[in-house]
Amino acid sequence: HFYARPIVLYAHLFFGALALLIWPFQFNEKLRNSRKTLHRWMGRSYVVFCLSSGVAGFFMALSSTTIDARTGFAVLAVAWIYTTVQAYQKARAGDFAAHKDWMIRSFSLTCAAITLRVLLPVQLIAGVPFETAYIIISWACWVPNLMLAEWLVRRKPAISAASA
């Protein structure tokens, strides 16, 4: 069903791959601190890549085989766009601690592409029929990633009133 909309498919794949390629540089603290202008331009590029791939992914989700898979992938696309926009807005506002938290969330959703490609073959090898595996993967490729990201964001020790 993906080939019914080849431009949407290729936009999703191309921009999603670019978003995945850029992250090691964005989370590298040494590079981020020494090359702030580069970090900003790569960050802006990441936002464009995520928004482009996310919008395309949303339209791809609409052609998924079942309502369950459509919903899973559509919610992923919306969450990816939302977290990326939040990260961008926090950076623009100068709230870099919140920006980092939202980037962790956004990147966890970017990694849904990797999780999907790991878990789907595992399910098929385990004997789960493709139709069932596809529904499971529409949620399993991103919900655990986002849960891990949220745990990472929230596990940081709170700043005490005395040190603030």
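Refer to the structure above for everything that follows.
Residues numbered from 1 in each chain as written. Predicted model: local features only at pLDDT ≥ 70, side-chain atom pairs only at ≥ 80, totals over all residues. Heavy atoms only, no water.

Trainee: Help me understand helix α7 (residues 130–140), please; the structure alone is not making it clear to me.
Mentor: Among the residues making up α7, those that are buried are A133, Y134, I137, S138 and A140. Considering only its buried residues, α7 is in contact with α4 (67–92), α6 (112–125) and α8 (143–154). (Buried < 20%, exposed > 50% of the residue type's maximum accessible area, 1.4 Å probe, protein only. Helix = DSSP H or I, 4+ residues; strand = E, 2+ residues; numbered from the N terminus. Contact = heavy atoms within 4.5 Å.)

Trainee: What exactly am I supposed to notice about the pattern of salt bridges here?
Mentor: Pairing between side chains of opposite charge can happen when the charged atoms of each approach one another. Under the defined criterion, the tally for this structure stands at two salt bridges. Linking E150 and R154 is a salt bridge whose minimum nitrogen-to-oxygen distance equals 2.6 Å. On the criterion of helical spacing, the pair formed by E150 and R154 is a turn pair, its members being four residues apart in helix α8. Within this structure, R105, E150 and R154 form a network of salt bridges that share partners. (Salt bridge = Lys/Arg side-chain N within 4 Å of Asp/Glu carboxyl O.)

Trainee: Would you explain the nonpolar core in this entry?
Mentor: Among soluble globular proteins, nonpolar side chains are generally buried collectively. By size, the foremost hydrophobic cluster in this structure holds 28 residues, and its most contacted members are Y46, F73, L76, L109, I137, C141 and W142. Listing elements by their share of this core, those giving two or more residues are α1 (6–26), α3 (36–61), α4, α5 (96–110), α6 and α7. Looking at which element gives the most residues to this core, the answer is α4, with seven residues. Those residues in contact with C141 that sit more than four places away from it in its chain are F73, L76, A112, T115 and L116. (Core = buried A, V, L, I, M, F, W, Y, C linked by side-chain atoms within 4.5 Å.)

Trainee: Mind showing me how you'd approach the packing of aromatic side chains here?
Mentor: The geometry of two aromatic rings is summed up by the distance between their centres and the angle between their planes. Overall, the coordinates contain 10 aromatic pairs when judged by the stated rule. Note on Y82 and W102: the rings are 5.7 Å apart at their centroids and 80° apart in plane angle, and the pair reads as edge-to-face. Taken together, the positions of Y82 in helix α4 and W102 in helix α5 put the pair 20 residues apart, joining distant regions of the chain. An angle of 25° between the planes, with centres 5.6 Å apart, marks the rings of F130 and Y134 as stacked. Here F130 and its partner Y134 are both found in helix α7, four residues apart, which amounts to about one turn of the helix. Given a relative accessible area of 41%, F130 falls into the partly exposed group. Put simply, the rings of F14, F15 and F49 touch in pairs and so form one group of aromatic residues. Across the ring face of W41, the terminal group of R44 is positioned such that the distance to the ring centre comes to 4.5 Å. If you follow R105 out to its NZ or CZ, it ends over the ring of W102, 4.4 Å from the centre. (Phe/Tyr/Trp six-rings, centres within 6.5 Å; stacked < 30°, edge-to-face > 60°. Lys NZ or Arg CZ within 6 Å of the ring centre and 35° of its normal.)

Trainee: So what exactly am I meant to see when it comes to the environment of H39 here?
Mentor: Among the structural elements, H39 can be located in helix α3. Along the primary structure H39 and F27 are separated by 12 residues, whereas in three dimensions their C-alpha atoms are 9.4 Å apart. Beyond its immediate stretch of four places on either side in the chain, H39 contacts Q26, R32 and H99.

Trainee: Where do I start with a positive patch on the surface in this structure?
Mentor: Taken together, the side chains of K36, R40, R44 and R92 make up a positively charged region of the molecular surface. Top contributing element to the positive patch by residue count: α3, with three residues. Tracing the sequence through the fold places R44 in helix α3. (Patch = residues over 30% accessible without salt bridge, like charges linked within 9 Å, V, L, I, M, F, W, Y side chains within 5 Å. Areas by Shrake-Rupley, 256 points an atom, 1.4 Å probe, with all protein chains shown as cover. Lys, Arg positive; Asp, Glu negative; His and termini not counted. Charge placed at Lys NZ, Arg CZ, Asp CG, Glu CD.)

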